[in-house]
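Summary of the model geometry
Listed below are the residues making up each chain.
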Amino acid sequence: MRNFDKNFKFTIYKNFTLSSEDYEILSFLYLPIIKKDAYCLYLSLYDLNSYEKDTLYVDGDMYFKRIGFDSSSVLLDAVRHLEGINLLTTYKRNKINSANELVSSYLFKLSSPASAYKFFNDQILRSLLVNEITEKEYLNLKRYFSINSPLNIDDNFINISSEFKEVYKLPSAYNDSILSDDFSNKHYTKENLFTEDELLGELSKNMIDSSIIEKHIEDIIALSSLYSIDLKSTINIIINNISTDNKFYFEKFKHDFQQFNHYKSLSAMTNKRNNDVTYLKYIKNYEQYKSVEDFLASKQNKKPSKNQLDTISDLKLEYKFSNTIIEIIIDYSLNHTSNSFNNEYIIKVADTLKLNNITTAYDAMEFLTNWDSNYKKKKKKINTKKNAGIEMVDLKEDKEDELEKVNSLL
């Protein structure tokens, strides 16, 4: 964000509600980094959106002066601090009104703060915080937001809690004999999908020495129940995590279990891993260029024009994309516009990535690949429209698409 035009108007978009913990995270973790002006601006925009839900546009000059931002430079600095830490995304649109005057309108898209867990596990965020406060304050904050440690019960304590059967009675139609001691002691934990004997039996059938997973058997059975993964699939994932020298990698096994639960098949997981290798290979090729300008020059065998350099500058300064992400955007756009540098298409791609909070080269590669894949699947079912000779998906075909919501506000 560089500056605001005179007599500008703005609207706000958010799709979240701040919790009491979110307010604490903003006050204790974000405030030392973004400072008071950005902090006040964020909360003001959040509350304004809740208060004036039916107001499409707000007079920018009048509103920001009312809340104390008399200087445009102070306001701009606060906006940039929020944008830089992904609490705010700013969109701009120019229109010619009935009086043939150029009118600028802005859309402020608010994002929720990171959770405490994500904040303290994000190297950049925690580094910014440590740079602003003392080590003692940092450790106190980390302790304040941490999850309580597991309760350590002394051996002198005896569990005297009531059993289920002692408190509750089933309808008379049921015979009390169906309630075994085993049932009453489960306390509604999820039933295992298979037994230890069944697991060991399947390992034996696959000629796997069960001793190499012996200390993890209970955890494996519990994980299968948690993620609802059957015995056959569990065995396959175990086999995939045994090395040639018969070592079982349990941490990788847990990761694969989570991935399997997401992708629902080993083949889908394999495709994901293959995509990872492909993306990283492309990213490495992009990173070999010293600058975006060098990359573009190599693509078109000539130096970039002034218009192209201006677009690259906007992607760096306003969108805050890294050189690699910008190269991905340009390469993707060239591939979809017959190698023509179409500024409008490039900005559309950039807007889409920004709106979806894409901040890494890997995520950009994955998002754009999936975007193309989804388009091909829907191509036969939806209408397409032409824009500067480019086929583009009509965003209105998906009412739940966030882009469609944003476009309706601008």
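Above this text sits the structure in question.
Since we're looking at a predicted model, the values are computed, not measured.

**Focus on helix H3 (residues 72-84)**
The end-to-end C-alpha distance of H3, which contains 13 residues, comes to 18 Å, matching closely the 18 Å that a straight helix rising 1.5 Å per residue would cover. By the burial criterion, the buried members of H3 are Leu75, Leu76, Ala78, Val79, Leu82 and Glu83. Across the axial projection of H3, the buried residues extend over an arc of 160°, all falling on one side. Among the residues trailing H3, asparagine 86 stands out with phi positive, at a value near 65°.

**Here's the deal with the packing of helix H14 (residues 292-300) against helix H15 (residues 306-317)**
In the contact formed by H14 and H15, the axes pass within 11 Å of each other and the chain directions differ by 140°. One element, H14, and the other, H15, form an angle in the oblique class. Here H14 and H15 pass one another in a crossing that is right-handed. Every residue of H15 that contacts H14 at Val292, Glu293, Leu296 and Gln300 is listed here: Gln308, Leu309, Ile312 and Lys316. Among the residues making up the contact of H14 with H15, the classes are represented as four nonpolar, two polar and two charged.

**Concerning a negative patch on the surface**
Where like charges cluster on the molecular surface, the negative patch consists of Glu196, Asp197, Glu198, Glu214, Glu218 and Asp219. The set of elements that each furnish at least two residues to the negative patch consists of helix H9 (196-205) and helix H10 (217-227). Looking at the negative patch, the element that brings in the most residues is H9, giving three residues. Inspection of the secondary structure puts glutamate 218 in helix H10. Judged by its relative accessible area of 68%, glutamate 218 is exposed.

**Points about the sheet that holds strand S3 (residues 88-96)**
Strand pairing within a sheet occurs via backbone hydrogen bonds; the two strands may be parallel or antiparallel. Pairing within the open sheet is mixed, and its four strands lie in the order S2-S1-S4-S3. The strands lining the two open edges of the sheet, one partner per strand, are strand S2 (58-59) and S3. Looking at chain direction, strand S1 (residues 9-13) and S2 are connected through two bridges and run antiparallel. When the bridges of S2 are listed, phenylalanine 10 appears paired with valine 58.

Rules behind the numbers
Residues numbered from 1 in each chain as written. Predicted model: local features only at pLDDT ≥ 70, side-chain atom pairs only at ≥ 80, totals over all residues. Heavy atoms only, no water. Helix = DSSP H or I, 4+ residues; strand = E, 2+ residues; numbered from the N terminus. Expected span 1.5 Å × (residues − 1). Buried < 20%, exposed > 50% of the residue type's maximum accessible area, 1.4 Å probe, protein only. Arc of directions from axis to C-beta. Axes fitted to C-alpha atoms, helices over the stretch in contact; angles between N-to-C directions. Parallel < 35°, antiparallel > 145°, perpendicular 65-115°, else oblique. Left-handed = near helix turned anticlockwise from the far one by under 90°. Contact = heavy atoms within 4.5 Å. Nonpolar A, V, L, I, M, F, W, Y, C, P; charged D, E, K, R; others polar. Patch = residues over 30% accessible without salt bridge, like charges linked within 9 Å, V, L, I, M, F, W, Y side chains within 5 Å. Areas by Shrake-Rupley, 256 points an atom, 1.4 Å probe, with all protein chains shown as cover. Salt bridge = Lys/Arg side-chain N within 4 Å of Asp/Glu carboxyl O. Lys, Arg positive; Asp, Glu negative; His and termini not counted. Charge placed at Lys NZ, Arg CZ, Asp CG, Glu CD. Pairing = 2+ DSSP bridges.

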